[in-house]
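Overview (structure and organization)
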Amino acid sequence: MQCIIPIAGPDFYSPDYGIKPLFEVDGVPLLYKSVTSRPWWDAGIVTDKDLIFALKESNHLSQFKSQLLDWFPRCRVITYSEFTTGALGSCFGAIPLLRDDDLLCIDLVDILYSMGINQMLHYFDLLTGSCVGLVPFFHSQDPCFSYLKVNEKLEICSVSEKSVTSCKASVGTYIFRNPQTFILGVYSSFTGRYLPPYITSVLNALVQQDLRILAVPVDEPNPLSLIFH
């Protein structure tokens, strides 16, 4: 599996917290802790050579990029000179770097969680059948998150951004069967000439084409993103 991690937004740095991905959680930088605690990292399904980071040029980029390459020396980095339209725009520039036949994960890496490896492998097996995507979730009612409306089979019917339409909140990790599925959703989500800011627009575009995306539960969610709000 390959993984795009978009951290090119205006919240990359703040006077209160410094460089957000380097903010320490239990003595470990948030970004490193998030990436290396994912079940696919533990299982060796994702290694540093599978990571693509989307960054924006800033006064703090050199310091951060040096640390990033110390942690993940084989990762790839794309850098924008200006802010993109949002997380989706930041991921868009990574499309030429993707391998055609591998699973694609987009991870916002600001919520910690766990998932058993066998459970993860079961979900990944579903992506070889009629399912084209997976969205891990936890239970919440906080309007800071995106929410999944699902049917009795946990198939996603719609996703709302920053609006509590259910009790199932996305953890900000989105897994697609392959890059082609993601690209289909990207192009289907265009509104006129403009790309919407959120990954959730891609999910809604795919669901509207009657493609099957499953909501999958996680264990021990820790929504660290709330610290920065």
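Residues numbered from 1 in each chain as written. Predicted model: local features only at pLDDT ≥ 70, side-chain atom pairs only at ≥ 80, totals over all residues. Heavy atoms only, no water.

Take the overall build of the protein next. Secondary structure summary: the protein contains seven helices and 16 strands in total. In summary, the protein has a C-alpha radius of gyration of 17 Å against a globular reference of 17 Å for 229 residues, a match within 12%. Seen through its C-alpha atoms, the protein measures out along the principal axes to roughly 45 × 40 × 35 Å. Long-range pairs, those at least 24 residues apart, make up 72% of the contacts in the protein between residues at least 6 apart in sequence. Entry remark: accessible area of the protein is about 10400 Å², with carbon and sulfur atoms responsible for 51%. Between the averaged position of the 16 positive side-chain charges in the protein and that of its 23 negative side-chain charges there is a distance of 4 Å. (Helix = DSSP H or I, 4+ residues; strand = E, 2+ residues; numbered from the N terminus. Rg over C-alpha atoms; globule rule 2.2 N^0.38 Å. Contact = heavy atoms within 4.5 Å. Areas by Shrake-Rupley, 256 points an atom, 1.4 Å probe, with all protein chains shown as cover. Lys, Arg positive; Asp, Glu negative; His and termini not counted. Charge placed at Lys NZ, Arg CZ, Asp CG, Glu CD.)

Attention now goes to the pairing of strand E6 (residues 51-56). The side chains of a regular strand alternate between the sheet's two faces. Counting buried positions along E6 yields six of six residues, so the element is predominantly enclosed. The side-chain alternation of E6 yields two buried faces, one formed by Leu51, Phe53 and Leu55 and the other by Ile52, Ala54 and Lys56. One ladder, built from four bridges, connects strand E1 (residues 2-6) with E6; its direction is parallel. Opposite Ile5, over in E6, you have Phe53 as the bridge partner. In terms of strand pairing, E6 meets strand E7 (residues 76-80) through five bridges, oriented parallel. Looking at E7, one finds that Leu55 is bridged to Thr79. (Buried < 20%, exposed > 50% of the residue type's maximum accessible area, 1.4 Å probe, protein only. Pairing = 2+ DSSP bridges.)

If you look at soluble globular proteins, the nonpolar side chains tend to sit buried side by side. Residues Ile5, Leu31, Trp40, Leu51, Phe53, Phe124 and Leu134 are the most contacted members of the largest nonpolar core, which totals 40 residues. Looking at this core, the elements with two or more residues in it are E1, helix H1 (30-37), E6, helix H3 (61-71), helix H5 (117-126), strand E10 (131-139) and strand E15 (212-217). No other element matches the four residues that H3 contributes to this core. Discounting residues that sit within four places of it in the chain, Phe124 has contacts with Met1, Trp40, Ile45, Leu103, Leu134 and Ile175. (Core = buried A, V, L, I, M, F, W, Y, C linked by side-chain atoms within 4.5 Å.)

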